[in-house]
Amino acid sequence: MDLMKSIAVAASGLRTQSGRMRVIAENMANADSGPATAGADPYRRKIPTFQRRFDRDLDAQLVNLGRVQRDQSAFRTKFEPGNPVADASGNVRMPNVDTLIETVDMREAQRSYEANLNLISSTRRMIQRTIDILRT
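Before going into details, it helps to say that this report is about the structure given with it.

Analysis parameters
- Residues numbered from 1 in each chain as written.
- Predicted model: local features only at pLDDT ≥ 70, side-chain atom pairs only at ≥ 80, totals over all residues.
- Heavy atoms only, no water.
- Helix = DSSP H or I, 4+ residues; strand = E, 2+ residues; numbered from the N terminus.
- Rg over C-alpha atoms; globule rule 2.2 N^0.38 Å.
- Buried < 20%, exposed > 50% of the residue type's maximum accessible area, 1.4 Å probe, protein only.
- Expected span 1.5 Å × (residues − 1).
- Contact = heavy atoms within 4.5 Å.
- Polar contact = N/O pair within 3.5 Å; in protein donor to acceptor, adjacent residues only side chain to side chain.
- Pairing = 2+ DSSP bridges.
- Axes fitted to C-alpha atoms, helices over the stretch in contact; angles between N-to-C directions.
- Parallel < 35°, antiparallel > 145°, perpendicular 65-115°, else oblique.
- Left-handed = near helix turned anticlockwise from the far one by under 90°.
- Nonpolar A, V, L, I, M, F, W, Y, C, P; charged D, E, K, R; others polar.
- Salt bridge = Lys/Arg side-chain N within 4 Å of Asp/Glu carboxyl O.

### Some remarks on the overall build of the chain
Assigned secondary structure in the chain consists of two helices and six strands. Helices and strands in the chain line up, N terminus first, as α-β-β-β-β-β-β-α. Rg of the C-alpha trace for the chain: 22 Å, well past the compact-globule value of 14 Å for 136 residues, more than 25% over. For the chain, the spread of C-alpha atoms along the three principal axes comes to 80 × 25 × 20 Å. Counting only residues that meet the buried cut, the chain has 32% of its 136 residues in that class.

In structure tokens:
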């Protein structure tokens, strides 16, 4: 039944966007955390990836959260000469997380999540209406 297929496809999108939001939230939570010890690397931004898979039972393409990759861009530096983890010139390496980018990514993930949720709700209403019609 095509209606059940649409629910399954949307549900895979919900799971994927939920995982994406968890990764983004972790990035945002660690945006200002410096390294634990002198010479250590600070938190490195994580990038969620997507993976598609074919479900033979449904005869449909579904989406899953793929491998979470590390962003290899350069760390930010912050001038804090009194910080115990600062280098000789007083700079502390900070995470390569840009909160503005993470906020935009989070908003996009939320909108995609809501769109999938709306699809499931609409499909459920259509199924209910069909049942109501068949009863009369």
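### Points about helix α2 (residues 99-135)
The terminal C-alpha atoms of α2, which comprises 37 residues, lie 53 Å apart, in line with the 54 Å expected from a rise of 1.5 Å per residue. Those residues of α2 that are buried are in contact with α1 (2-29). One side-chain oxygen at the N-terminal end of α2 lies 3.0 Å from the backbone nitrogen of L100; it belongs to D98.

### With respect to the pairing of strand β3 (residues 60-65)
Of the pairings in the sheet, the one linking strand β2 (residues 50-55) to β3 comprises six bridges and is antiparallel in character. Note on β3: the bridge partner recorded for F54 is Q61. Linking β2 to β3, which pair antiparallel, is a turn of four residues; within it D59 sits at a positive phi near 60°.

### Description of the environment of K78
Counting through the fold element by element, K78 comes out in strand β5 (residues 76-79). For K78, a relative accessible area of 40% gives the class partly exposed. With sequence-adjacent residues up to four places away left out, K78 is seen in contact with G90, N91, V92 and M94.

### Comments concerning the packing of α1 against α2
Viewed as axis vectors pointing N to C, α1 and α2 meet at an angle of 160°, and their least axial separation amounts to 9 Å. What the angle tells us is that α1 and α2 run roughly antiparallel. In the packing of α1 onto α2, the handedness of the crossing is left-handed. Residues that form the contact of α1 with α2 fall into these classes: 18 nonpolar, eleven polar and five charged.

### Some remarks on the environment of I7
Along the chain, I7 turns up in helix α1. As for I7 and I120, which are separated by 113 residues in sequence, their C-alpha atoms are 5.4 Å apart. Excluding its chain neighbours within four sequence positions, the residues that come into contact with I7 are I120, T123, R124 and I127.

### Concerning unusual backbone geometry
With a phi angle near 60°, D59 is a residue other than glycine that sits in the positive phi range. Residue position: D59 is located in the loop between β2 and β3.

### Focus: the pattern of salt bridges
Throughout the structure, instances matching the rule amount to nine salt bridges. A salt bridge links D71 to R45; its shortest N-O distance comes to 3.3 Å. Of the two residues, D71 is situated in the loop between β4 (69-70) and β5 and R45 in the loop between α1 and β1 (46-47); the sequence distance between them amounts to 26 residues. Take D71: its relative accessible area is 13%, and that puts it in the buried class. We note a salt bridge from D55 to R53, for which the minimum N-O separation is 4.0 Å. With relative accessibility at 16%, the residue D55 sits in the buried group.

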